[in-house]
Amino acid sequence: QYGNFIDDLRLYVRGGTGGMGYPRLGGEGGRGGDVWFVARERTTLKSIRDRYPQKRFVAGTGANSSVKALKGEKGKDCEVHVPLGISVLCDDGKLIGELNAAGERFLAARGGLGGSLATNFMPCKGQRRIVRLDLKLIADVGLVGFPNAGKSSLLSKISHAKPEIANYAFTTIQPELGKIMYADYKQISVADLPGLIEGAHANRGMGHKFLKHVERTKQLLLVVDVSGFQLSIKTSFRTAFETILLLTKELELYKEELLTKPALLAINKMDLPCAKDNLNELMKQLQNPQDFLHLLQEEMIPANTLEFKDIIPISTYTGEGIEELKACVRKSIDEEAEQENEEYRKKKLLLLQTSE
């Protein structure tokens, strides 16, 4: 967990036991209640942990069968409100469900059957298990970059988020979510995630926690310092070109599919002296990356390079290029949506043709 931010939680869930049957009159006991996870906005995993420190959720027992009510009533269900963008995993890590939209429900533990002729009128116990709730931020755009590339400053410039900003490397230690608002009221959510470092795929720093959140974003926005980057005295200095290749390598080593996401590149700190020369150099390198790969050690070179839909020079300090960047993000998201709709329409047509 990052400070107060929690992105996974283990819970014990148990369905209610069924009610007793009534052998003499063939009465059936009520079924035990179920435990449900229900996605709700404005809920966090931290609020669940604070409210239920025991992290145990048990549904009600079914009513016994009696002379007055031969069929016993079902036990009371237990509903747990969870945030949006939750993966539900078994304790062994197997994915058993996802909750992405408000109101979606997931049956976490089923109640036991009531006593009946089939069970010799003895009730059954409810299902019990330990589940893990895993939060993956759902955002349209994920900001990807090494520490100090200016991601937090960018987020505060393009959206209403107020992330912590300072000139030392690790400012963002918890995911920040901002929304870009457009004149026609369209909103695009942007997630600034904790700074990647070299070796993140091997879970150095906050490697996997960071990369896990990137999986859910529809698009990537790489943010790179035009004058290059050095994490500490002990690590090598990286030019902007090397930084882009290293970021690509980290994403590729974690999950190759991440490189198939549409990507934009924001080149930050254009207000610095020599920025123009550095930018010209970088553009040359990006046009023919193959000619410059010899500058890097072999293990740093990604198998596939990222294709950028747009490259936008910006300065979060002076505001240069920010409006253009917002327009590019919007265009890119709209194009993707259009493509998805097109594919959906084609599938529908195919289904209609085959059914005829």
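Parameters at a glance
Residues numbered from 1 in each chain as written. Predicted model: local features only at pLDDT ≥ 70, side-chain atom pairs only at ≥ 80, totals over all residues. Heavy atoms only, no water. UniProt positions renumbered as here; feature names shortened; annotations may be inferred. Helix = DSSP H or I, 4+ residues; strand = E, 2+ residues; numbered from the N terminus. Buried < 20%, exposed > 50% of the residue type's maximum accessible area, 1.4 Å probe, protein only. Contact = heavy atoms within 4.5 Å. Pairing = 2+ DSSP bridges. Axes fitted to C-alpha atoms, helices over the stretch in contact; angles between N-to-C directions. Parallel < 35°, antiparallel > 145°, perpendicular 65-115°, else oblique. Nonpolar A, V, L, I, M, F, W, Y, C, P; charged D, E, K, R; others polar. Core = buried A, V, L, I, M, F, W, Y, C linked by side-chain atoms within 4.5 Å. Salt bridge = Lys/Arg side-chain N within 4 Å of Asp/Glu carboxyl O. Expected span 1.5 Å × (residues − 1).

As recorded in an unreviewed UniProt entry, the protein goes by GTP-binding protein 10 and comes from Lophotis ruficrista. The heading Sequence similarities (unreviewed entry) in the UniProt record of the protein holds the text "Belongs to the TRAFAC class OBG-HflX-like GTPase superfamily. OBG GTPase family." UniProt lists a comment for the protein under the heading Subcellular location (unreviewed entry), and it reads "Nucleus, Nucleolus".

## Quick word on the overall build of the protein
Looking only at helices and strands, the protein features 6 helices and 14 strands. Buried positions account for 47% of the 356 residues belonging to the protein. Relative to all contacts within the protein whose residues are 6 or more apart in sequence, the contacts with residues 24 or more apart total 71%.

## Points about helix α2 (residues 151-158)
Buried residues dominate α2, accounting for 6 of its 8 residues. Taken as a whole, α2 has its buried residues at K151, S152, S153, L154, L155 and I158.

## As for the sheet that holds strand β7 (residues 105-109)
Taken together, the 3 strands give an open sheet; going across it, the order is β4-β2-β7, and neighbouring strands pair in mixed fashion. Unpaired on one side and paired on the other, β4 (78-82) and β7 mark the two borders of the sheet. The sheet shows a mean angle of 30° between the axes of neighbouring strands, direction not considered. The pairing of strand β2 (residues 35-39) with β7 spans 4 bridges and is antiparallel. Bridge pairing in β7 links F37 to F106.

## Some thoughts on the packing of helix α4 (residues 240-254) against helix α5 (residues 275-287)
It is at 9 Å that the axes of α4 and α5 come closest, and there the two elements cross at 45°. The orientation of α4 with respect to α5, classified from their angle, is oblique. Only L282, Q285 and L286 of α5 make contact with α4, whose side of the interface consists of A240, F241 and I244. Its residues assigned to classes, the contact of α4 with α5 shows 5 nonpolar, 1 polar and no charged.

## Concerning the environment of V131
For V131, the position within the fold is in strand β8 (residues 128-135). Along the chain, V131 and A109 lie 22 residues apart, while their C-alpha atoms are 9.8 Å from each other. Once residues lying within four places of it in the same chain are set aside, the contact partners of V131 are L9, R10, L11, V13, F37, V88, L89 and I96.

## Notes on the nonpolar core
Ranked by size, the top nonpolar core spans 29 residues in total, and within it L220, L222, L265, I267 and F308 carry the most contacts. Listing elements by their share of this core, those giving two or more residues are β12 (219-225), α4, β13 (263-268) and α5. Of all the elements, α4 adds the most residues to this core, at 7 residues. Apart from the residues lying within four places of it in its own chain, the contact partners of I267 are V224, V226, L279, L282, I311, I312, P313 and I314.

## Comments concerning the pattern of salt bridges
Between side chains of opposite charge, pairing is possible as soon as their charged atoms come close. Throughout the structure, instances matching the rule amount to 19 salt bridges. D34 serves as the salt-bridge partner of R31, at 2.8 Å between the closest nitrogen and oxygen. For R31, a relative accessible area of 28% puts it in the partly exposed group. Across the salt bridge formed by E336 and K309, the nearest N and O atoms sit 3.6 Å from each other. One end of the pair, E336, is in helix α6 (residues 322-355); the other, K309, is in strand β14 (residues 308-313), and 27 residues separate them in sequence. Since its relative accessible area comes to 23%, E336 is described here as partly exposed. In this structure K309 comes out as partly exposed when scored by relative accessible area, which is 33%. One network of salt bridges, in which partners are shared, links R31, D34, K74 and D77.

## Some details on α5
For α5, built from 13 residues, the straight-helix expectation of 18 Å at 1.5 Å per residue is met to within 8% by its first-to-last C-alpha distance of 18 Å. Packing partners of the buried residues in α5 comprise α4, β13 and β14.

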